[in-house]
Each structure stands twice: as C-alpha cells, then as structure tokens.
Amino acid sequence: MNKYNVAVVGATGIVGETMLAILSERNFPLRKIYALASERSTGELIKFKDQFLEVENLANFDFSRVQIALFSAGTDVAAHYAPLAAAQGCIVIDNSSQFRYEATIPLVVPEVNPEAIAHYLNSHIIANPNCSTIQMVVALKPLYDAVGIERINVATYQSVSGTGKAAINELATQTTELINGRPIKSHIYPVQIAFNIIPQVDIFMENHYTREEMKMVWETQKILGDKNIRINATAVRVPVFFGHSEAIHIETRDKITTSEARKILQHAPGVVLLEEDHYPTPAKEGTSKDAVYVSRIREDISHPRGLDLWVVADNVRKGAALNAIQIAELLIKNYF
C-alpha cells in the first residue's frame, strides 16, 4: 500500500486534535504526519500513536513536502494558506466555510456525494461542509433518492464544542459558578450559556436568519445538487459539551410511510437507525461516535407527505474531523 505525507493545520485546536486521533485510529496510510499551528503554539508536543509530534509554524511550512493537508484553522487562515498549499501541489481539505460556496470547489460528504471529489482538480481544494449540514444530509440523502424531498424544516440544538475549546471552558466555568452561587461572566457567547439556550449561532444576516442557518440552506442545495429544494432552519446553541441534535421535518415529493422510511434508512451508509424508544442523545450517541443516529421517525400529522426525524451526531468527529479524513481516504483510493 502506498503511504502519504499529511499535514494537519490547526493541530492544537479541538478539531485538529480529533483529526490526529482519527488518523491513528483508522490506520490511515501515513508515511509522515506534520502538526501545524500558529507561531504561539510552535514547539508544543502532541501525542500521536506511540510518539510525540512537535508543532511546527504554519507560516514557515513547505507544503510541497505533503500530498494532503487537512485544514481546521478558520477562514482567515484558509483564505491565505490553502491556495499557497494547493499551488505547491498539495491537496487541501478545508474545514472552514471559506471555499464552500465557490462553484468550482467541491463540497463533499462521502456518504452523500463522493463523486464530487473528482472536481478537486479545479483548484486542489476540497471543502468540508458545516457540521449541522453534514449530519442532516447523511440522514436525508437516502430518502431524497427514494421519494424526493421538496422542503426541509429543521431546528438544530448545537453543542458548545462547535465554537471551540474556549466555549467548552465557558460552559464548564459558568456551570460551576452558578452551582456555587457566584456571579458569572460571558465572553464567548452574547449571553449566559449554562442552564440556558441561545437562539443564535453565528451572526445575523439581512434576512434575519443567522449565517449558520443560511449555511444549511446553501450547503444542502449544493451537496444534493438541487437548487429547488426549499430549506428553513433555526439554529440554537444549547448547554451541551459535545453532539448536535436536529429535529427535521421534510415534505417529500412522493408519499412515504414510517415503515418504508425505516427500511430505507436501516441500510443507509453512515446511519445507525434506533428503535423509537431508544432515541439518541448528544451525551451518549453524540459523543465520541462516528455514525449519524436517527430515530423518532413519524408521519407528520400536519402534512399529507410530511415525515419527521430526530438526528444526532458528534459534531467534532463526523461533523468535522472524520468527514475530512473520509474524503482523504476516498481521494487516495480513487484518484491517486
């Protein structure tokens, strides 16, 4: 088996650390792995398998030394360094939103549109979708293929890990302070997150939707290749450390029953279908798991062709790190 040199950009962040862990777990065919971050993290040691990787300065790295770079360092870093890496012959798989909406750059969920990877030749950049979009399209694509979907109405319940380590620390600190009767401060979120929910994920846009909500619209249409599918999203931040949950309501082109939907999803790639009384929760199925969990499937009593689903996944793993590595695996399998 051929082996490859891989760089992880943003290696000290929560997604970067998870990327390194998954590369180890899945025995990715590595010749050499490089951990890259900003200058302030240079020299830190990160455990990888039975060794320690020394974090190198992204600004000085020669990307011609690697065949694949997994980026998870934000839009500004991606905008500057991803094209530089691509110009040096490296294929970039970027977890930020920087390139998702560019027509020539593929936006890929391996269980849904793996064929899109072929378009990496346009720019040597592949975009990783938003975490909430990923789990939704993994659950819905088999139903979309079977009976068509005309409209999606989704409410998300998103954990703080989607914002990063600082948000995890803020939730933990606020929880401790409140339990002990002490005042709290909010730095990461506009209001208290502990014992609270916030109906805002990302910034508000001119149409009064948040950018996170619009990401789900734009990305779902691009991934499914269907500009006509109507999507309405409400994204909510909840006081949960890991795991995003979604209440999804779809209106299908053709009528489908609950039993028919369950048969379709029972063998869907990346999906674990649970019995109705074993519904998934973020604390269990949404933490340190690779699959997208689906339950509470029922025919919508308010619409003749409506179907409702409850979907949970680990936003850091499947919603970011694992999806990127699955793309890399297909890339080397089918295109190298």
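Quick note: structure is the one above.
So, here is what we can say about the structure in this document. A quick note: this is a predicted structure, and the numbers were derived from the prediction, not measured. (Residues numbered from 1 in each chain as written. Predicted model: local features only at pLDDT ≥ 70, side-chain atom pairs only at ≥ 80, totals over all residues. Heavy atoms only, no water.)

1. Notes on the pattern of salt bridges
Enumeration according to the criterion identifies 17 salt bridges in this entry. Lys141 is the salt-bridge partner of Asp145, the closest N and O atoms lying 2.8 Å from each other. Taken together, the positions of Asp145 and Lys141, both in helix α3 (residues 131–147) and four residues apart, correspond to about one turn of that helix. Residue Glu299 pairs with Lys255 through a salt bridge whose shortest N-O separation is 2.8 Å. Here Glu299 is found in strand β13 (residues 292–299), whereas its partner Lys255 is found in the loop between β11 (244–252) and α6 (258–266), with 44 residues between them in sequence. With relative accessibility at 42%, the residue Lys255 sits in the partly exposed group. Within the structure, one salt-bridge network assembled from shared partners comprises Glu25, Asp290 and Arg317. (Salt bridge = Lys/Arg side-chain N within 4 Å of Asp/Glu carboxyl O. Helix = DSSP H or I, 4+ residues; strand = E, 2+ residues; numbered from the N terminus. Buried < 20%, exposed > 50% of the residue type's maximum accessible area, 1.4 Å probe, protein only.)

2. Some thoughts on the nonpolar core
Formed by 59 residues in total, the largest nonpolar core has its most connected members in Phe63, Ile152 and Val294. When residues of this core are assigned to their parent elements, the largest contribution, nine residues, is made by α3. When sequence neighbours within four positions are dropped, the list of residues in contact with Phe63 reads Ala7, Val9, Leu36, Leu58, Ala69, Phe71, Ala85, Gln88 and Cys90. Judged by nonpolar contacts, the second largest core, of 46 residues, contains Val8, Ala37, Ala320 and Ile332. (Core = buried A, V, L, I, M, F, W, Y, C linked by side-chain atoms within 4.5 Å. Contact = heavy atoms within 4.5 Å.)

3. Description of the sheet that holds strand β14 (residues 306–313)
Read across the sheet, six strands follow the order β10-β9-β11-β14-β13-β12 without closing on themselves; strand pairing throughout is mixed. Where the open sheet ends on each side, the last strands, each with one partner, are β10 (230–237) and β12 (271–273). In this sheet, neighbouring strand axes are inclined to one another by 20 degrees on average, regardless of whether the strands run parallel or antiparallel. Bridge count for strand β9 (residues 149–158) against β11 is eight bridges, and the pairing is antiparallel. Among the inter-strand pairings, Ile152 is bridged to a residue of β11, identified as Ile250. (Pairing = 2+ DSSP bridges. Axes fitted to C-alpha atoms, helices over the stretch in contact; angles between N-to-C directions.)

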